[in-house]
Amino acid sequence: MANAPEQSVIVVGAGPTGLALACELAAAGVSCTVLERRTSPSAQSRAMGLYSRTMEVLDLRGHADALTAVGRPVGRMVPARGAVLDFTELDTRFPALHVIPQSRTEEVLQRHALDLGVIVQRGAEVFGLEQDGSGVVLQVRTESGEWEESADYVVGCDGAHSAVRELAGIAFRGRTYDIAPVLADVRLRKPPPDDVLVLSGGGGVMVSVPYGDGLYRIAVARRDRPWTREAVTLEELSELLTLSLGFDPGPYDAEWLARFKIHQRIADSYRTGRVLLAGDAAHLHSPLGGQGLNLGIQDAVNLGWKLAAAVQGWAPAGLLDSYETERRPQAQRILRATDRATALATSPSGAVTAARRVVLAGLLGRRTVRRVAGEAISGLRAGYGGRGGSGGAGLGSGRGASGLGGTGRRSSLLRAGLGGLGVGSGERASGLRAGLGSSGGRAGLGGSGVRAGLGGLGSLRAAVGGSGVRVGRRVGDLTVPRPGGAPVRLYELMRDGRFVLLDLTVDGRGAGVAEAWGSRVCPVLVAGPVGELGGVAGLLVRPDGYAAWVDGEGDPGGFEGRVREALLRWCGAEGPVARRGVEAGPGEGALAGRERESEAAEVEPEESAEVEQA
């Protein structure tokens, strides 16, 4: 292309994934424009649940407090009658499923993006794409005309019908289910408990989530109710709820009634050249378990710092490609798990339903198993494969870790996602066995009953116990003591999207080494012991909150060399990096953004009968 790109990155799509990515890029000092086909934000909320790990990664950039202010934490999930998952037992600042309408999540993220200098242009439809080795050119139209936009990179966050994916020629393989759930935001005269409730049986499943103001999000799917374009009525909803609950809860005052299709699809590749995909543009799956929105936001936080490194010229070899090798396996696991979960939850077999209830009630009555299952569903066990450990570093092994343990043999016990909730599929049963004792994980229950009842608890390996931080795994929000100052939360140190190097040595030799990497690394001299880091001399935390490198207290004479090696492998060569765009200071945006609202005509509305899944 003859002309230099006008901006570093164009993000197509102003949903939660696109806006989260724009915030990540802007925090790292990368100029970014968001193009959105819709002329105004949607008032409807297709997704509305943020799990603990998603709240944590949003907290890394300071979004979480604004979201908790407009949402409601729900502390318990009931995956079957008599079985309870208690999120309040989790070791996190966000021990709940946070029920936040998607429209409010978009509002919070857009406000932060604008504050960081991001341009959001609405009513702008992308209809053409060309790329070469120097950049990407998009053809864009609004009511007022057509023009071209150029950038170093383009990321398609434009949903299930992604124009970017289609124009880039990336296949989106999969299938559409032959069931069509009914969705409603409605009030109930006889409401269920204020928990996340999942009830299955007789070929159908019902999910109920309380908004907290008397309104409930209800979704009901039945095998005998295929797709139709007929409008959903309160009478139909009442009939479906009666089949699931055994009584009519009296739905009324509906704010939203819709019928939607369920798709299971994944892009062949998340990247082709300078074009990348994230969120629903890259993967779609059954909404059972509410993982879609969470998966997309975590795509954005994984991609943002890597793309910023590529734009700014300091990315080590393979770093940008590691976005796909880390995130695509996560999506594949969710697709498999939710597919099995949907089949299990809508099974017409009374024996399967009964076995599921008995086994879940028995297993979740054990605190250790309950905690591990809660961590799995909440994303707190998510992680990525990686080389290294004490003194090691690397960009990963080319595959994402399941988040519940490493790859290996599968247990027939653990096949389909906890109680039909779509937990990532499991590889090992050792953690479950540790929680259950010496019974080999079966707790005296027959194998077929366990398989039907559990539906796959995930690879609950021996990480049930254990302590310390491991390469490629989540680093919690540690309290970090500092010399001459008050302790600070780790996540507060990560507001501007840099690596953080925690130096636990007495003389701070590692922190001194990190200064050569300038704005890419925030070196922190730790002034006292940190309980979670017993036996650790140094910890390099990635901008997305996962451990890049961990150094034990061995061979103190070689510590500086090991720090330097880790920084070279993760943060590129020493020296300052010229940043195109704005470099934001810790926790603040350097420029105020602006939103360009075009005078375009209303975009043709989607079919009112079909609602794309979150």
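The structure under discussion appears in the preceding block.
Residues numbered from 1 in each chain as written. Predicted model: local features only at pLDDT ≥ 70, side-chain atom pairs only at ≥ 80, totals over all residues. Heavy atoms only, no water.

What about the overall build of the chain?
Then, number 1: Within the chain, the secondary structure is distributed over 14 helices and 28 strands.
Then, number 2: Taking as baseline every contact in the chain between residues at least 6 positions apart, the subset at least 24 positions apart corresponds to 73%. (Helix = DSSP H or I, 4+ residues; strand = E, 2+ residues; numbered from the N terminus. Contact = heavy atoms within 4.5 Å.)

Brief notes about the environment of E560
Then, number 1: Within the element layout of this structure, E560 appears in helix α14 (residues 559–571).
Then, number 2: Taking the relative accessible area as the measure of exposure, E560 reaches 30% and is therefore partly exposed.
Then, number 3: In this structure, E560 is in contact with R509 and V513, ignoring residues within four places of it in sequence. (Buried < 20%, exposed > 50% of the residue type's maximum accessible area, 1.4 Å probe, protein only.)

Observations concerning the nonpolar core
Then, number 1: Residues L138, L490, L502 and L539 are the most contacted members of the largest nonpolar core, which totals 95 residues.
Then, number 2: With nine residues, the single largest contributor to this core is helix α7 (residues 292–312).
Then, number 3: With near-sequence residues (within four places) excluded, L138 lies in contact with I10, V12, L35, V126, G128, L129, W147, E148, E149 and V154. (Core = buried A, V, L, I, M, F, W, Y, C linked by side-chain atoms within 4.5 Å.)

Notes on helix α6 (residues 234–245)
Then, number 1: In this model α6 runs 16 Å from its N-terminal to its C-terminal C-alpha over twelve residues, within 8% of the 16 Å that 1.5 Å per residue would give.
Then, number 2: When we look at burial in α6, the residues that qualify are E236, L237, S238, L240, L241, S244 and L245.
Then, number 3: Buried residues belonging to α6 abut β13 (182–188), β14 (196–201), β15 (204–210), β16 (215–222) and β17 (251–259).
Then, number 4: Two residues or fewer past α6, G246 is found with a positive phi of approximately 90°. (Expected span 1.5 Å × (residues − 1).)

Description of the pairing of β16
Then, number 1: Most of β16 sits out of view: seven of its eight residues are buried.
Then, number 2: Sheet topology places β13 next to β16; six bridges connect them, and they run antiparallel. For A184, the partnering residue across the bridge sits in β16 and is I218.
Then, number 3: Pairing analysis gives seven bridges linking β15 to β16, with the strands arranged antiparallel. By the bridge assignment, G204 is partnered in β16 with R222.
Then, number 4: In sequence, β15 turns back onto β16 through a hairpin of four residues, with G212 there showing a positive phi of about 105°. (Pairing = 2+ DSSP bridges.)

Some thoughts on the pattern of salt bridges
Then, number 1: This structure, assessed with the given rule, holds 41 salt bridges.
Then, number 2: Between R381 and E375 there is a salt bridge whose closest N-O contact spans 2.8 Å.
Then, number 3: The residue R489 makes a salt bridge to E492 at a minimum N-O spacing of 3.6 Å.
Then, number 4: Taken together, the shared-partner salt bridges connect D59, D65, R93, D477, R489, E492 and R495 into one network. (Salt bridge = Lys/Arg side-chain N within 4 Å of Asp/Glu carboxyl O.)

A word on helix α9 (residues 350–364)
Then, number 1: Compared with the 21 Å implied by 1.5 Å per residue over 15 residues, the 21 Å span of α9 between its first and last C-alpha is a close match.
Then, number 2: Along α9, the residues classified as buried are T353, A355, R356, V359, L360, L363 and L364. One side of α9 holds all its buried residues, which, seen down the axis, span an arc of 165°. Turned more than 90 degrees from where α9 packs its buried face, G350, A351 and V358 sit exposed.
Then, number 3: In this structure S349 caps α9, since a side-chain oxygen of it lies 3.3 Å from the backbone nitrogen of A351. (Arc of directions from axis to C-beta. Polar contact = N/O pair within 3.5 Å; in protein donor to acceptor, adjacent residues only side chain to side chain.)

Comments concerning the sheet that holds strand β7 (residues 97–99)
Then, number 1: Strand order in this open sheet of three strands is β3-β7-β4, and the pairing throughout is antiparallel. Sheet topology places β3 (49–50) and β4 (72–74) at the edges, where each strand pairs with a single neighbour.
Then, number 2: For β4 and β7, the ladder comprises three bridges, and the chain directions are antiparallel. Each bridged residue has a counterpart across the sheet, and for R72 the counterpart in β7 is V99.

Some details on the packing of helix α2 (residues 52–59) against α7
Then, number 1: At a minimum axis distance of 10 Å, the contact between α2 and α7 shows a crossing angle of 30°. Where α2 crosses over α7, the handedness of that crossing is left-handed. Together, R53, T54, V57 and L58 of α2 and N294, I297, Q298 and V301 of α7 make up the contact between the two elements.
Then, number 2: For the contact of α2 with α7, the class distribution of residues is four nonpolar, three polar and one charged. (Axes fitted to C-alpha atoms, helices over the stretch in contact; angles between N-to-C directions. Left-handed = near helix turned anticlockwise from the far one by under 90°. Nonpolar A, V, L, I, M, F, W, Y, C, P; charged D, E, K, R; others polar.)

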